[in-house]
Amino acid sequence: LWELIIVGAGPAGLNAALYAARKGIEVLLLTEDLGGQVIDTNGIDNYIGKRETNGSQLINDFWEHIQQYDIATIVGEKANEIKAMQGEHRVISNNNREYKARTIIIASGAQKRHLGMKQEYVLTGRGVHYCAVCDGYLYAGRPVAVVGGGNSGLEASLDLAKMDCDVSLIEIQNELMGDQYLQEQIEKNDNIRVYKGTQVKKIKGEEKLESVVIKDNKTAEEKELSIDALFIEIGLVANSDFLNGMVGTNERKEIIINENNETDVEGIWAAGDVTNIKDKQIIIAAAEGAKAALRVNEYLK
Ligand code: FAD
């Protein structure tokens, strides 16, 4: 029986592990991967004390730090289910192993939201991408489309246009949603064509992406765009499906926590992007992880 199991090893889970271990708590860190969303991040310049770094470097620094403590870690195993059982909660993994703990911190973060179309999954990495910052350079000078007119979609479109891509920007609402400053840049850019009030109806291609069919919501007119890459930038969704409603979540699937990181189940805390904390940032997730571990420490005492 562990005193604490932490699910997830992004900034929230890693910092929770550090704080828990420093309090002498017997902790098991169970995670699908090491680093979470940070691994996909190129330049990071808003983590205090690190004027300029990148995702893998920052995670490496976190990892080296926590390795100074006694933290049992299982990487590559996913929590498939958590069963709340007073004083002896269970975490059941995708390998059908069962781990018992007095307390749990859920720090399973978030992932890019998908459109939910079959060919989207088939062609992921073969034309369909979720991070223009990471993969855009593969398509320099080629025709591409971006789905999503929020800040990330607008930034992705501008980055791709800078790489001489011919960019079609597709937004389901009648207006772009991102910052005014970015919208102005988009309007001025000859490499970007904007389709507002338009949605993706079909993604085509077998071995690699060939085109997308888009539909104007008002006129119902359809149009096929021949493109080499589709960047889906429609926000994030909390990784909370595996909990199956075991703790309370909001309409965005984020776990609802109070200022002590408590969920509505005794002995289960949550931290970072998986929660309803508004700001999704590395330093905030890390701090939330620390807070959760300190509250767990008080509880265990
Ligand atoms: P995550 O980083 O999402 O980590 C979640 C962890 O949980 C992962 O290890 C994952 O494998 C694991 N996990 C998930 N489900 C399970 C499960 N069922 N069982 C076991 N393990 C599981 N923030 C900044 O401050 N500055 C930036 O410059 C910045 N740039 C960004 C760029 C991109 C492209 C993205 C996507 C995000 C960026 N962010 C940035 C946001 C920042 O990365 C997140 O706020 C932060 O990573 C959240 O940390 P987290 O620990 O809550 O979750």
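Criteria and cut-off values
- For every chain, the first residue of its written sequence is number 1, and the numbers climb from 1 along that sequence.
- Owing to the predicted nature of the model, reporting of local features is limited to residues with pLDDT of at least 70; listing and counting of side-chain atom pairs is limited to 80 or more, with chain, interface and lining totals taken over all residues.
- By convention in this description, side-chain values take in all heavy atoms of the structure and omit both hydrogens and water.
- Nearness is judged by heavy atoms alone; a residue qualifies as near a molecule or strand once a single heavy atom is within 4 Å of it.
- Pairing of N or O atoms within 3.5 Å defines a polar contact, subject to two protein rules: one partner must be a possible hydrogen donor and the other a possible acceptor, and residues neighboring in sequence count only if both atoms are side-chain atoms.
- Accessible surface is estimated by sampling points in the Shrake-Rupley manner with a 1.4 Å probe; for residues, cover comes only from the protein chains shown.
- Each helix corresponds to a stretch of at least 4 residues labelled H or I by DSSP, and each strand to a stretch of at least 2 residues labelled E; elements are numbered beginning at the N terminus.
- Note that Gly is not counted as nonpolar here; it falls among the polar residues with everything else outside the nonpolar set of Ala, Val, Leu, Ile, Met, Phe, Trp, Tyr, Cys and Pro and the charged set of Asp, Glu, Lys and Arg.
- A helix is expected to span 1.5 Å for every residue after the first.
- Two residues form a contact once any of their heavy atoms are found within 4.5 Å.
- Throughout, the edges of the domains are those of an automatic or database domain assignment.
- Any two strands with at least two DSSP bridges between them are considered paired.
- Axes here refer to lines fitted to C-alpha atoms; in helices the fit is confined to the stretch in contact. Angles between the N-to-C directions go from 0 to 180 degrees.
- Definition of nonpolar core: a set of buried residues of the types Ala, Val, Leu, Ile, Met, Phe, Trp, Tyr and Cys, connected through side-chain atoms within 4.5 Å.
- Think of it in three bands: with a 1.4 Å probe and only protein chains considered, a residue is buried below 20% of the maximum accessible area for its type, exposed above 50%, and partly exposed in between.
- Any two rings among Phe, Tyr and Trp, with Trp reduced to its six-membered ring, count as a pair given centres within 6.5 Å; such a pair is stacked if its planes are under 30 degrees apart, edge-to-face if over 60, and tilted if neither.

> How do you make sense of the site of the ligand when you look at a structure like this?
In the neighbourhood of the ligand, 32 residues make up the surrounding shell, with Asp33, Gln37, Ala79, Asp273 and Ile282 lying closest. Interatomic distance of 3.2 Å between a backbone N/O atom of Pro11 and an oxygen atom of the ligand. Here a nitrogen atom of the ligand and a backbone polar atom of Ala79 are 2.8 Å apart. Alone, the ligand offers 1,000 Å² of accessible surface; in the complex the protein occludes 89% of this. Among the secondary structure elements, those contributing two or more residues to the shell around the ligand are β1 (2-9), α1 (11-22), β2 (27-34), β9 (110-112) and α7 (282-300). Element by element, the count of residues in the shell around the ligand is highest for β2, at four residues. Considering only residue class, the shell around the ligand consists of 12 nonpolar, 13 polar and seven charged.

> Any chance you could explain helix α5 (residues 151-162) here in plain terms?
Each full turn of the α-helix corresponds to 3.6 residues, which orients residues three or four apart in the same direction. Here α5 spans 16 Å end to end across 12 residues, near enough to the 16 Å set by a 1.5 Å rise per residue. Buried residues along α5 sit against α4 (132-135), β11 (143-147), β12 (166-170), α6 (180-188), β13 (192-195) and β17 (229-232). Count one or two residues on from α5 and you reach Asp164, which has phi positive near 65 degrees.

> Quick question: what am I supposed to make of the domain arrangement of the chain here?
Interfaces are often sized by the amount of accessible area the parts lose when they come together. When the domains of the chain are assigned, the result is domain 1 (2-112 + 236-300) and domain 2 (118-232). One C-alpha centre belongs to domain 1, the other to domain 2; they are set 33 Å apart.

> For this particular structure, what's the right way to read the sheet that holds strand β15 (residues 211-216)?
Backbone-to-backbone hydrogen bonds pair the strands of a sheet. The strands run either parallel or antiparallel. Judged by pairing direction, the sheet is antiparallel, and its three strands sit side by side in the order β14-β15-β16 without closing on themselves. The open sheet has two edge strands, β14 (198-204) and β16 (222-226), and neither has a second partner. In this sheet, neighbouring strand axes are inclined to one another by 25 degrees on average, regardless of whether the strands run parallel or antiparallel. Alignment of β15 against β16, held across five bridges, turns out to be antiparallel. Bridging across to β16, Val212 finds its partner in Leu225.

> Before we go on, may I ask you to explain the environment of Val38 in this structure?
Assignment of secondary structure puts Val38 in the loop between β2 and β3 (43-44). Residues Val38 and Gly127, 89 residues apart in the sequence, show an inter-C-alpha distance of 22 Å.

> Any chance you could explain the sheet that holds strand β10 (residues 128-129) here in plain terms?
In space, the five strands of this open sheet follow the order β10-β17-β11-β12-β13, with parallel pairing throughout. Each having just a single partner strand, β10 and β13 make up the two edges of the open sheet. Taken together, the two bridges between β10 and β17 define a ladder with parallel strand orientation. Residue His129 lies in a different strand from β17, and its bridge partner there is Phe231. With respect to the sheet, α5 is in contact with β11, β12, β13 and β17, its orientation differing from that of β12 by roughly 170 degrees.

> I'm lost on the nonpolar core in this one. Help?
Generally speaking, soluble globular proteins have nonpolar side chains that are buried together. Counting residues in each nonpolar core, the largest one holds 32 residues, and the members touching the most others are Leu4, Ile6, Leu29 and Ile105. Every element with two or more residues in this core is listed here: β1, α1, β2, α2 (55-66) and α7. Not counting residues up to four positions away in its chain, the partners in contact with Leu4 are Ala20, Ile25, Glu26, Val27, Leu28, Ala101, Thr103, Ile104, Ile105 and Val296. Residues Ile82, Ala101, Leu243 and Met246 belong to the second largest nonpolar core, which totals 22 residues.

> Which parts of the structure should I look at to understand the packing of aromatic side chains?
For any pair of aromatic rings, the description consists of the separation of the ring centres together with the inter-plane angle of the planes. Across all of its chains, the model carries three aromatic pairs by this definition. Between the aromatic rings of Tyr47 and Phe62, the centroid separation amounts to 5.7 Å while the plane-to-plane angle is 55 degrees, which identifies the pairing as tilted. Taken as a pair, Tyr47 in the loop between β3 and β4 (53-54) and Phe62 in helix α2 lie far apart in primary sequence, 15 residues in all. Per residue, the accessibility class of Tyr47 equals that of Phe62, and both read buried. Ring geometry for Trp269 against Tyr299: centres 5.2 Å apart, planes inclined by 75 degrees, an arrangement best described as edge-to-face. Highlighted residues: Trp269 in strand β19 (residues 268-270) and Tyr299 in helix α7, separated in sequence by 30 residues.

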